[in-house]
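Below are the chains, spelled out letter by letter.
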Amino acid sequence: MTVLRSEYLSSAWADGIFANRVLFITGGAGSIGSAQTRAVVHLGANACIIGRSVEKTEKAAKEIAQVRPGAKVLGIGNIDVRNFDSLKAAAERCVKELGSIDYVIAGAAGNFIAPISGLSPNAFKTVMDIDTIGTFNTIKATVPYLIESAARNPNPNPSGTTGGRLISTSATFHYTGMPLQAHVSAAKAAIDSLMGSVSLEYGPYGVTANSLAPGAIAGTEGMERLASSELTKEQQTKGIPSGRWGSMRDIADATVFLFSDAGNYVNGTTLIVDGAGWRRQGGAALGVDSDMTYPEFMLTGEISKNVKTGREGKAKL
Ligand code: COA
């Protein structure tokens, strides 16, 4: 599958800025993760992409490697971010085979549409485990390598090359609250907090740690699963100040910025890439159809029939 550069990278960046660097990314075979990896690999890095499915992860690695002749992209499947030991082994393998870990993206996430009344304790815990504990595990497994990378790459570096950078994929739901997303809001709020702590504790070693918070991004598995397919494009986007959903390139470009020499002094914060959408999300954009209004759908317990929630059976409440 050929993916045009314009789909995952703007023309703002010079080829080779990430030469001899290695990216370690969880969720790297997902839609946003693949675009982030393509962009960083295109600009010179090699990468290890980590995922639960062996087949999906290895296939994505092969496809992404095509963006640059000579690129090495290792797909390490059968790794669940909830299992620290397997993640640690993946990080060790990445360093053994590709030489280092200079950039990390904690991107693995789980989501579905459900009100609190439809969330079992295990459902809530599952998302906290994948998102928050998974991010913590990713940090623990890779931070020794990030410290080494930061030591090799002073910030700023006269050569313009960088290392020792960590990004966690966050969201914007928790800024205002979002009906049907209590589990993800709690998990992402914790991730933002964790990244602040990483910047405080590892900033002195030269590591930078930031959250990247995408808004609604077109063509992603997330929006495919969470947004009602019954809504027209206009209904989906008219509440967003920038007037459109984001593109995967928007997120990949923000990733490149944070990893690049241009992002040297950005540390311990969240980069929101959402066309100012969060400022207007007080109602509910996910899991609802055009004829569903707040608070009525909460009182009736209705959620859109036009979302792929991932649930097969009834909740064990
Ligand atoms: N609504 C409410 N609860 C749900 C649910 C839904 N749509 N889907 C799953 N759950 C519950 C399950 O019922 C289970 O709870 P229970 O044991 O009390 O019944 C719990 O969540 C765990 O589900 P399970 O399917 O065993 O977890 P998993 O680890 O196999 O899968 C998910 C994790 C649930 C997050 C799954 O949706 C997934 O794998 N998603 C990956 C892709 C993804 O979400 N990407 C995010 C893009 S934004």
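Keep in mind that this is a model prediction, so the values were computed, not measured.

Draft legend 1. Structural view of the overall build of the protein chain. Within the protein chain one finds 11 helices and 7 strands. Against the globule reference of 20 Å for 317 residues, the protein chain gives a C-alpha radius of gyration of 19 Å, in line with a compact fold. Counting every position in the protein chain, which comprises 317 residues, the buried fraction comes to 51%. Restricting the contact set of the protein chain to residue pairs at least 6 apart, pairs at least 24 apart contribute 77%. Of the roughly 14,500 Å² that the protein chain leaves accessible, carbon and sulfur atoms contribute 54%.

Draft legend 2. Spatial organisation of the sheet that holds strand E5 (residues 165–169). The strand order across the open sheet formed by 7 strands is E3-E2-E1-E4-E5-E6-E7, and the pairing between neighbours is parallel. Two strands bound the open sheet, and with one partner strand each, they are strand E3 (73–76) and strand E7 (270–273). Shown here is a sheet whose adjacent strand axes are inclined to one another by a mean of 15 degrees, direction ignored. Relative to the sheet, helix H5 (residues 121–152) contacts strand E1 (22–26), strand E4 (103–106) and E5, its axis offset from that of E4 by approximately 180 degrees.

Draft legend 3. View of helix H2 (residues 31–42). Here H2 contains 12 residues, and its C-alpha end-to-end distance of 16 Å stays within 8% of the 16 Å for a straight helix at 1.5 Å per residue. Of all the 12 residues making up H2, 11 are buried; the element is thus mostly covered by neighbouring parts of the structure. Turning to H2, its buried residues number three or more, namely Ile-32, Gly-33, Ser-34, Ala-35, Gln-36, Thr-37, Arg-38, Ala-39, Val-40, Val-41 and His-42. One or two positions beyond H2, positive phi appears at Gly-44, with a value near 120 degrees.

Draft legend 4. Broad picture of the environment of Ser-185. For Ser-185, the position within the fold is in helix H7 (residues 182–202). When the C-alpha atoms of Ser-185 and Ser-170 are compared, they prove to be 9.3 Å apart, with 15 residues separating the residues in sequence. When sequence neighbours within four positions are dropped, the list of residues in contact with Ser-185 reads Phe-173, His-174 and Met-178.

Draft legend 5. Inspection of the pattern of salt bridges at higher detail. Taken as a whole and assessed by the stated rule, the structure comprises 12 salt bridges. A salt bridge links Lys-88 to Glu-92; the nearest nitrogen and oxygen atoms lie 3.3 Å apart. Of this pair, Lys-88 and Glu-92 both sit in helix H4 (residues 84–98), separated by 4 residues, roughly a single helical turn. Since its relative accessible area comes to 38%, Glu-92 is described here as partly exposed. We note a salt bridge from Glu-224 to Lys-308, for which the minimum N-O separation is 2.4 Å. Of the two residues, Glu-224 is situated in helix H8 (residues 221–226) and Lys-308 in the segment after helix H11 (296–300); the sequence distance between them amounts to 84 residues. Residue classification places Lys-308 among the partly exposed residues on the basis of a relative accessible area of 48%.

Draft legend 6. Focus on the state of the cysteines. The full count for this structure, using the stated rule, is 1 disulfide. Between the sulfur atoms of Cys-48 and its disulfide mate Cys-94 the distance is 2.3 Å. Since a negative S-S torsion denotes a left-handed disulfide, the Cys-48-Cys-94 link at about 95 degrees is right-handed. Of this pair, Cys-48 sits in strand E2 (residues 46–50) while Cys-94 is found in helix H4, placing the two residues 46 residues apart along the sequence.

Draft legend 7. The packing of H5 against H7, seen in detail. Across the interface, H5 lies against H7 with an axial gap of 8 Å and an inter-helix angle of 20 degrees. As summarised for this structure, H5 and H7 are arranged roughly parallel, according to the angle between their axes. Between H5 and H7 lies a crossing of right-handed hand. For the pair formed by H5 and H7, the contact residues are Phe-124, Val-127, Met-128, Asp-131, Thr-132, Thr-135, Phe-136, Ile-139, Val-143 and Ile-147 on the first element and Ala-182, His-183, Val-184, Ala-186, Ala-187, Lys-188, Ala-190, Ile-191, Leu-194, Met-195, Val-198 and Tyr-202 on the second. When its residues are assigned to classes, the contact of H5 with H7 shows 17 nonpolar, 3 polar and 2 charged.

Draft legend 8. Quick look at helix H3 (residues 54–65). With 12 residues, H3 extends 17 Å between its outermost C-alpha atoms, agreeing within 8% with the 16 Å of an ideal straight helix rising 1.5 Å per residue. Along H3, the positions that sit buried rather than exposed are Thr-57, Ala-60, Ala-61, Glu-63, Ile-64 and Ala-65. Buried positions along H3 lie against H2, E2 and E3. You can read the cap of H3 off the contacts: a side-chain oxygen lies 3.5 Å from the backbone nitrogen of Glu-55, and it is on Ser-53.

Draft legend 9. Inspection of a nonpolar patch on the surface at higher detail. Side chains of Tyr-294, Met-298 and Leu-299 sit close together on the surface and give an oily, nonpolar patch of about 350 Å² of accessible area. Tracing the chain through its elements places Tyr-294 in the loop between E7 and H11. With relative accessibility at 51%, the residue Tyr-294 sits in the exposed group.

Draft legend 10. Summary view of the confidence of the model for the protein chain. When pLDDT is averaged across the protein chain, the result is 94; 96% of the residues are at 70 or more. When the elements of the protein chain are averaged for pLDDT, H8 gives the smallest value, 86, and E4 the largest, 99.

What counts and what doesn't
Residues numbered from 1 in each chain as written. Predicted model: local features only at pLDDT ≥ 70, side-chain atom pairs only at ≥ 80, totals over all residues. Heavy atoms only, no water. Helix = DSSP H or I, 4+ residues; strand = E, 2+ residues; numbered from the N terminus. Rg over C-alpha atoms; globule rule 2.2 N^0.38 Å. Buried < 20%, exposed > 50% of the residue type's maximum accessible area, 1.4 Å probe, protein only. Contact = heavy atoms within 4.5 Å. Areas by Shrake-Rupley, 256 points an atom, 1.4 Å probe, with all protein chains shown as cover. Pairing = 2+ DSSP bridges. Axes fitted to C-alpha atoms, helices over the stretch in contact; angles between N-to-C directions. Expected span 1.5 Å × (residues − 1). Salt bridge = Lys/Arg side-chain N within 4 Å of Asp/Glu carboxyl O. Disulfide = S-S within 2.5 Å. Parallel < 35°, antiparallel > 145°, perpendicular 65-115°, else oblique. Left-handed = near helix turned anticlockwise from the far one by under 90°. Nonpolar A, V, L, I, M, F, W, Y, C, P; charged D, E, K, R; others polar. Polar contact = N/O pair within 3.5 Å; in protein donor to acceptor, adjacent residues only side chain to side chain. Patch = residues over 30% accessible without salt bridge, like charges linked within 9 Å, V, L, I, M, F, W, Y side chains within 5 Å. pLDDT = per-residue confidence, 0-100.

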